[in-house]
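Spelled out from the first residue to the last, the chains are:
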Amino acid sequence: MMGATALMTACQTTVSDLELEQMVDELYQRMPQEERIAQLQSMYMDELFDEQGQLDTVKCKELIPYGIGHFSQFCMQKPRDPNELRDRVAVVQEWLMTKTPNKIPALFHEEVLSGVNTRGATIYPQQIGQACSFNPELAEVKTRQTSTAMRKMGGVLSLSPMVDVCRTPSFNRLEESYGEDGYLSAVMGVAFVRGLQQGDLRKGVGACSKHYLGYGGGGDAEEKVLMEEILMPHEAMIRLAGSKAVMPGYHAMAGQQQQCVADSMILKNILRGYLGFDGMVVSDYTAIDQLVKPSAFPEGKEWSPIEKAAAAINGGCDVDFPTGANYRFLQEAIDSGLVAQETLERAVKDVLRYKFRAGLFDSNPNLYAKSDIQLDTPEERQTSYEIATQSIVLLQNDSSILPLKGESLRILLTGPNANTMWAMCGDYSFPAMTYFWKRVEEDLDHPHVITLLEGMRDKLPEGDTLLYSRGCDWTEEIETKFSHAGDERAWEYPILHRKVDAGEEANKEEALAMADSADVIIAAVGENVMLCGENRDRQGLRLPGKQEEYVEALLATGKPVVLVVFGGRAQVIAGLAERCAAVIQAWYPGEEGGHAVADILYGNVSPSAKLAVSYPNKEIYTPICYNDAIEPDSCIQWPFGYGLSYTTFEYKHMALDEEAKTTDEYIDLSFEVKNTGKVSATEIAQLYISPADSTQSLRPIQLQGFARVELEPRHSKTIKVRLYTEQLGFYSHEGGERSWNILPGKYVVKIGASSADIRLEETLTLVGESVRKPLREHYFSGIEVVD
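Procedures and definitions
Residues numbered from 1 in each chain as written. Predicted model: local features only at pLDDT ≥ 70, side-chain atom pairs only at ≥ 80, totals over all residues. Heavy atoms only, no water. Helix = DSSP H or I, 4+ residues; strand = E, 2+ residues; numbered from the N terminus. Rg over C-alpha atoms; globule rule 2.2 N^0.38 Å. Buried < 20%, exposed > 50% of the residue type's maximum accessible area, 1.4 Å probe, protein only. Areas by Shrake-Rupley, 256 points an atom, 1.4 Å probe, with all protein chains shown as cover. Lys, Arg positive; Asp, Glu negative; His and termini not counted. Charge placed at Lys NZ, Arg CZ, Asp CG, Glu CD. Contact = heavy atoms within 4.5 Å. Polar contact = N/O pair within 3.5 Å; in protein donor to acceptor, adjacent residues only side chain to side chain. Salt bridge = Lys/Arg side-chain N within 4 Å of Asp/Glu carboxyl O. Expected span 1.5 Å × (residues − 1). Phe/Tyr/Trp six-rings, centres within 6.5 Å; stacked < 30°, edge-to-face > 60°. Patch = residues over 30% accessible without salt bridge, like charges linked within 9 Å, V, L, I, M, F, W, Y side chains within 5 Å. Pairing = 2+ DSSP bridges. Axes fitted to C-alpha atoms, helices over the stretch in contact; angles between N-to-C directions. pLDDT = per-residue confidence, 0-100. Core = buried A, V, L, I, M, F, W, Y, C linked by side-chain atoms within 4.5 Å.

Across its full length, the protein chain holds 21 helices and 27 strands. Radius of gyration (C-alpha) of the protein chain: 27 Å, near the 28 Å computed for a compact globule of 787 residues. Dimensions of the protein chain, computed from the C-alpha atoms along their principal axes, are close to 80 × 70 × 55 Å. Classification of the 787 residues of the protein chain by burial places 64% in the buried group. Surface accessibility of the protein chain: about 27800 Å² in total, with carbon and sulfur atoms responsible for 48%. Here the protein chain contributes 75 positively and 114 negatively charged side chains, and the mean placements of these two sets differ by 2 Å.

Structure below.
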């Protein structure tokens, strides 16, 4: 048997799977039962410190005598300097590694969706905006920066990214997702994991794939769609990028009574059985508390935390977040026969295995940095800016009103989102989380967030004049809906029954008077932190409050109006947009969002982003997706993949072999894109597959590749694509066997500027016998852009 020293030495080098399992088992066998159960629980770090900020060892002995597996959201309990956070982590880890039976360090976790969720950390654009960039390389840069900062503070595990394939336009958490397409979500999710984990869990921060499976509308999909598209981001992150943590959603799958956190079909059968996942499954916060009593349970009898703990761990969930409220009763569940010792062993070993992989048992573990920690470096802020400029979608530009050009232009900036951080910061950023959860409304501008007004002033062309009047509030009354959904901690009326105070007057008459002397009006409208996000929703999807009425008043002046829409989802602006000179969807563009939007308005940057969702022209509360049909949907104003530029592009010279074998690994093809305009710009060229025969088991149209092509005026580039035959395949479940199938037949390969703007297409014929395999190995096309 390995001793502790030998065990730590072995961990310093790469070990085989067998050696890893031996080390996990040896440690497990040495652990008393109380220490084992403690590994499946979490708590908040602040509970262990006194009012002077010192570690209270009496509390440690009382609360964690056998250690603790995890610490929940360690960065956001109170606004703190990163060095103070690191120092707190250090003393807690020191106590665990010297005062507990087997000296096991804890996993400190935090949210990192748009940067580390802590005061002073870089706030990057929200995920839905980043998806519109179609830029996985930049997404990887972002999470690598995030990971480096968080690991210095002592963070080892993140609870990000959210890769729900969100097809319901009204979903209040759509902003956290990469949109409606499984392929795009998978590409961006894999990039997120690769950057965050840095190829080595000892160095980077672990990703957590959530909310498994089908949160946001996908859980109701039929099995084929569920397994081909909704599962795809989770599957790719696990199999291609080595993601080793999964968080089930709050919801229940279609036809299932029990929620995902206790659903053995998705956690055991699909996740561990079909995908071969050997990582750790953690609950969403309070998800186990919310488990519903089975119909077979005796009526009138309360379903206790013991039964809830048994349901979750038996279903396949290893860890109870955020406080172990149910798993602290696991010994009672074992004693009463509700949970087998072998089930506890599985869960504990899943946690220990993760800690070994993260290097926590190394002789010199990378637990935190000892040097001074600086957040929001110039490099990080530049990355945030670049993502923002690539996330902002130009939806409409009548008469080429944009970019703003002319001599001595008088520009009026107005609207509720013109001069506020809440136009820039999405959910799970420090300001949003602190405002919502902690109800703190002051001193949130850390790091400094560039508002649109500040950005336009900073970038204002010489000779132009910028006027400003807010003119309109987000809402006149509280519009946030109260509901028992999501995190139970938010089921408090005072948390939700609030209205954001902008801190300045909205004087409509003043703004309209300024409009009379302006040449062009920039109307910044949309949502804020209380109108969209987890546990937050509102009535309807049109612009909140009286914003639409206000834009009508601006249009009535006869001056051209550029509508800039901020928020976490597509807002219905049909009937209004058509009369605006231009429309920009800015999402929540992060700390540099003001500069990014200003640079696009002034023409310093040509917009390149394309929609990651289908943009509806009416309020829709059921799932929709571009791949439902080739024919245009009358409910959609702008289709998936759509976005304008300040130039035009020509697609030509598509080359593709007409025939390939079903047994071939791939098919090579190429095409050219030319910038036919007068400004430098980037086009996002998209590759779609359609079946030539409606009887084939494929979607009518499906994204299977894309390329960002940077082009100078009048220049062309060739895009070379390696399309894998597996991308023409489909999922089946017959005779109890799941498989991925490639069939002979005809397939249409399409190249387009959006899902509804196909510029080139060729028919490919696959010949040979049908190919059947357990899982696909190739998920994404290979792309090369050649000058």
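Moving on, we come to the environment of Lys-499. The residue Lys-499 is located in the loop between helix H18 (493-496) and helix H19 (508-516) in this model. Residues Lys-499 and Trp-474 lie 25 residues apart in sequence; the distance between their C-alpha atoms is 9.0 Å. If we skip the residues at most four places from it in the chain, Lys-499 touches Tyr-435, Asp-473, Thr-475, Glu-476, Glu-477 and Ile-478. Here the side chain of Lys-499 touches Asp-473 through a polar contact of 2.9 Å, side chain to side chain.

Attention shifts here to unusual backbone geometry. Note that the residue after Ser-160, namely Pro-161, is joined by a cis bond; omega there is 10°. Mapping Pro-161 onto the fold places it in the loop between strand S4 (157-158) and helix H8 (182-197). Positive phi, normally seen in glycine, also occurs at Gln-198, with a value near 55°. Turning to its location among the elements, Gln-198 is positioned in the loop between H8 and strand S5 (209-212). For Trp-587, which is not glycine, the phi torsion reads 55° and is therefore positive. Of the residues examined, Trp-587 reaches a relative accessible area of 0% and is grouped as buried.

Scanning the model with the defined rule gives 44 salt bridges in all. Salt-bridge contacts for Asp-350 lead to Arg-272; the nearest nitrogen and oxygen are separated by 3.0 Å. Of this pair, Asp-350 sits in helix H14 (residues 341-357) while Arg-272 sits in helix H11 (residues 264-274), placing them 78 residues apart in sequence. Taken individually, Asp-350 and Arg-272 each receive the classification buried, so the pair is uniform in this respect. Through salt bridges that share partners, Glu-21, Arg-272, Asp-318, Arg-346, Asp-350 and Arg-353 make up one connected network.

Moving on: the side chain of Thr-647. The residue Thr-647 is located in the loop between strand S15 (636-638) and strand S16 (649-656) in this model. The class for Thr-647 is buried, based on a relative accessible area of 11%. Among the polar contacts listed, one links the side chain of Thr-647 to the side chain of Asn-675, at a separation of 2.6 Å. Thr-647 has contacts with Asn-675, Thr-676, Gly-677, Lys-678, Val-679 and Ala-681, leaving out every residue within four places of it along the chain.

Take helix H2 (residues 17-30) next. Over its 14 residues, H2 extends 20 Å from the first C-alpha to the last, a length consistent with the 20 Å expected when each residue adds 1.5 Å. Taken residue by residue, H2 has Leu-20, Met-23, Val-24, Glu-26, Leu-27 and Tyr-28 as its buried positions.

Let us now look at the packing of aromatic side chains. One pass over the full model with this rule turns up 20 aromatic pairs. Between the aromatic rings of Phe-74 and Phe-108, the centroid separation amounts to 5.6 Å while the plane-to-plane angle is 80°, which identifies the pairing as edge-to-face. Placement of Phe-74 in the loop between strand S2 (70-71) and helix H5 (82-99) and of Phe-108 in strand S3 (residues 107-110) is noted, with a sequence separation of 34 residues between them. Comparing Phe-74 with Phe-108 shows no difference in burial state: the two are buried. The interplanar angle of 85° and the centroid separation of 6.3 Å between the aromatic rings of Tyr-183 and Phe-706 together place this pair among those described as edge-to-face. Remark: Phe-706 occurs in strand S20 (residues 702-711) and Tyr-183 occurs in helix H8; sequence separation between them is 523 residues.

This next bit is on a negative patch on the surface. Negative charge collects at one region of the surface, where Asp-657, Glu-658, Glu-659, Glu-761 and Glu-762 lie side by side. Tracing the chain through its elements places Asp-657 in the loop between S16 and strand S17 (659-661). Overall, Asp-657 belongs to the exposed group, its relative accessible area being 52%.

Another aspect to go through is the pairing of strand S8 (residues 393-397). Two faces, one strand: in a regular strand the side chains alternate between the faces of the sheet. The buried count for S8 comes to 5 of 5 residues, which makes it a mostly enclosed element. Alignment of S8 against strand S13 (residues 582-587), held across 4 bridges, turns out to be antiparallel. Among the inter-strand pairings, Gln-396 is bridged to a residue of S13, identified as Val-583.

The subject of this paragraph is the sheet that holds strand S25 (residues 757-767). Here we have 5 strands laid out as an open sheet, ordered S17-S25-S24-S19-S20, and mixed in their pairing. Edge positions in the sheet fall to S17 and S20, since each has one partner strand and no second. Going from strand to strand, the sheet's axes swing by 30° on average, the running direction of each strand aside. Relative to strand S24 (residues 745-754), strand S19 (residues 681-691) runs antiparallel, the two being bridged by 6 bridges. Residue pairing across strands places Leu-687 opposite Ile-751, the latter belonging to S24.

Spatially, the 6 strands line up as an open sheet ordered S8-S13-S12-S11-S9-S10, and their pairing is mixed. Only two strands of the sheet have a single partner each, and these edge strands are S8 and strand S10 (465-469). When the angles between neighbouring strand axes are averaged without regard to direction, this sheet yields 20°. Of the pairings in the sheet, the one linking strand S12 (residues 561-566) to S13 comprises 5 bridges and is parallel in character. Residue pairing across strands places Val-565 opposite Gln-585, the latter belonging to S13. Against the sheet, H19 contacts strand S9 (410-414), S10 and strand S11 (520-526), and its axis sits at roughly 160° relative to S10.

This next bit is on the side chain of Asp-284. With respect to the secondary-structure elements, Asp-284 resides in the loop between strand S7 (280-281) and helix H12 (305-315). For the buried Asp-284, which has no salt bridge, the nearest side chain bearing the opposite charge is Arg-173, at an N-O separation of 4.6 Å.

Here the focus is the confidence of the model for the protein chain. In this model, the protein chain carries an average pLDDT of 96, and 98% of its residues clear a pLDDT of 70 or more. Note on residues 1-6: pLDDT under 50 across the span, and 6 contacts to partners over four residues away in sequence or across chains.

Turning to helix H10 (residues 232-241), a few remarks are in order. Among the 10 residues that make up H10, 8 are buried, leaving the element largely enclosed by the rest of the structure. By the burial criterion, the buried members of H10 are Met-232, Pro-233, His-234, Glu-235, Ala-236, Met-237, Ile-238 and Ala-241. At the C-terminal side of H10, Gly-242 shows a positive phi close to 75°.

Next up on the list: the pairing of strand S6 (residues 245-248). Residues Ala-245 and Met-247 of S6 are buried on one face, and the alternating residues Val-246 and Pro-248, pointing to the opposite face, are buried as well. Sheet topology places S5 next to S6; 3 bridges connect them, and they run parallel. Residue Ser-209 lies in a different strand from S6, and its bridge partner there is Val-246. Pairing between S6 and S7: 2 bridges, direction parallel.

The subject of this paragraph is the nonpolar core. By size, the foremost hydrophobic cluster in this structure holds 171 residues, and its most contacted members are Phe-71 and Leu-563. The biggest single contributor to this core is H8, with 10 residues. Leu-563 has contacts with Ala-523, Val-525, Val-551, Ile-573, Leu-576, Cys-580, Ala-582, Val-583 and Ile-584, leaving out every residue within four places of it along the chain. Residues Trp-437, Ala-524, Ala-582 and Val-597 belong to the second largest nonpolar core, which totals 55 residues.

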